[in-house]
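If you want the building blocks of each chain, they are given just below.
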Amino acid sequence: MVGMNAPNDPFPASEFDDWAGTYDNSIAIDQFPFYGYLKVLAKIVAAAKPHPGNSVLDLGTGTGNLAILFATLGCELWCTDFSAPMLEQARQKLPAAHFVLHDLRCSWPAELDRPYDCIVSAYVFHHFKLDEKIRILGDLLPRLTSSGRFVIGDIAFPDAAAREKVKIATGSEWDEEFYWLADEAISAVEKLGVKVEFTQVSICAGIFCIVGATH
Ligand SMILES: C[S@@+](CC[C@H](N)C(=O)[O-])C[C@H]1O[C@@H](n2cnc3c(N)ncnc32)[C@H](O)[C@@H]1O
């Protein structure tokens, strides 16, 4: 069983509920895992190439720090998260956005069933194993418009050797989670019939820009 309140869930919503009130303090400290946080968000926006009026879906929006950058550019936002307190923080920053409480590991909710010009996400997919990441991407890619872009910024390393170096340098601050390894992820994602470009942004974060193979 997966989803909200499943037994033995390594990443239950309750962990994030407790973090919602102080999350914006955490990201303000330039240390693992948030080295270069603001730069990562800015690179996601640049890679998504949004236009005013575009529909943007932000997966795992948290307190809305990524969504607000798109809203400022005149985009219409749909924001998901499985933590109600996180969504409440985001709602205060983005009163005009659409918010849906949803666990990405569960089936897609009817209220989000529409096409999107951009699908974006920051610091969320490392909670999922690679096969689950691919399953979620496979479900969501058909929801992009024909020229749409899917951009993920997250804790990511070019390969296992790079991850190991940062793990050693990080010491006790390191958490064992499902961080992206770009070499294995790119080939797995491209099996979905898309092109993937990876850019390392900080020592522990990178951007995956995913577009249809015919772009
Ligand atoms: C590290 S925070 C990132 C928040 C925000 N995207 C940002 O960049 O600041 C991870 C967010 O993902 C959400 N999340 C984690 N697992 C999720 C899941 N299975 N389904 C939906 N949201 C999830 C958490 O509730 C949290 O808000």
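Residues numbered from 1 in each chain as written. Predicted model: local features only at pLDDT ≥ 70, side-chain atom pairs only at ≥ 80, totals over all residues. Heavy atoms only, no water.

### Observations regarding the overall build of the protein chain
Thought 1: Along the protein chain, the regular secondary structure elements total eight helices and eight strands.
Thought 2: For 215 residues, the compact-globule estimate of 2.2 N^0.38 gives 17 Å, and the protein chain sits close to it at 16 Å.
Thought 3: Its C-alpha atoms put the protein chain at 45 × 40 × 35 Å along the principal axes.
Thought 4: Within the protein chain, the fraction of its 215 residues that count as buried is 51%.
Thought 5: Within the protein chain, contacts between residues separated by at least 24 positions form 64% of all contacts whose residues are at least 6 apart in sequence.
Thought 6: Just so you have it, the protein chain exposes about 10,000 Å², and 55% of that area is on carbon and sulfur atoms.
Thought 7: Of the side chains in the protein chain, 17 bear a positive and 28 a negative charge, and the two mean positions are spaced by 7 Å. (Helix = DSSP H or I, 4+ residues; strand = E, 2+ residues; numbered from the N terminus. Rg over C-alpha atoms; globule rule 2.2 N^0.38 Å. Buried < 20%, exposed > 50% of the residue type's maximum accessible area, 1.4 Å probe, protein only. Contact = heavy atoms within 4.5 Å. Areas by Shrake-Rupley, 256 points an atom, 1.4 Å probe, with all protein chains shown as cover. Lys, Arg positive; Asp, Glu negative; His and termini not counted. Charge placed at Lys NZ, Arg CZ, Asp CG, Glu CD.)

### Some words on the nonpolar core
One broad trend across soluble globular proteins is that nonpolar side chains are buried collectively.
Thought 1: With 46 residues, the main nonpolar core has Ile44, Phe70 and Val120 as its most contacted residues.
Thought 2: No other element matches the seven residues that helix H3 (residues 37-48) contributes to this core.
Thought 3: Among the nonpolar cores identified, the runner-up in size contains 30 residues, and Trp78, Val100, Leu137 and Leu141 belong to it. (Core = buried A, V, L, I, M, F, W, Y, C linked by side-chain atoms within 4.5 Å.)

### Here we look at the environment of Gly60
Thought 1: Residue position: Gly60 is located in the loop between strand S1 (55-59) and helix H4 (67-72).
Thought 2: Relative accessible area serves as the criterion here: at 17%, Gly60 is assigned to the buried category.
Thought 3: For Gly60 and Ile186, which are 126 residues apart along the polypeptide, the C-alpha to C-alpha distance reads 21 Å.
Thought 4: If we ignore the near neighbours within four places in the chain, the residues touching Gly60 are Thr80, Asp81, Ala122 and Val124.

### Here's the deal with helix H8 (residues 182-190)
Thought 1: Among all positions in H8, only Ala182, Ala185, Ala188 and Val189 are buried. One side of H8 holds all its buried residues, which, seen down the axis, span an arc of 135 degrees.
Thought 2: Among the structural elements, helix H6 (130-140), strand S5 (144-157), strand S6 (180-181), strand S7 (194-202) and strand S8 (205-212) are those in contact with the buried residues of H8. (Arc of directions from axis to C-beta.)

### Details of the site of the ligand
Thought 1: Residues in close proximity to the ligand total 20 residues, the closest being Tyr23, Tyr37, Gly60, Asp81 and Ala122.
Thought 2: Taking Phe82, its main chain carries an N or O atom lying 3.3 Å from a nitrogen atom of the ligand.
Thought 3: Burial of the ligand by the surrounding chains reaches 99%, relative to a free accessible area of 590 Å². (Near = heavy atom within 4 Å. Polar contact = N/O pair within 3.5 Å; in protein donor to acceptor, adjacent residues only side chain to side chain.)

### A closer look at the pattern of salt bridges
One side chain can pair with another of opposite charge once the charged atoms of both are near each other.
Thought 1: For the structure on display, the rule yields nine salt bridges.
Thought 2: Each of Asp9, Asp103 and Arg105 takes part in a single network of salt bridges with overlapping partners. (Salt bridge = Lys/Arg side-chain N within 4 Å of Asp/Glu carboxyl O.)

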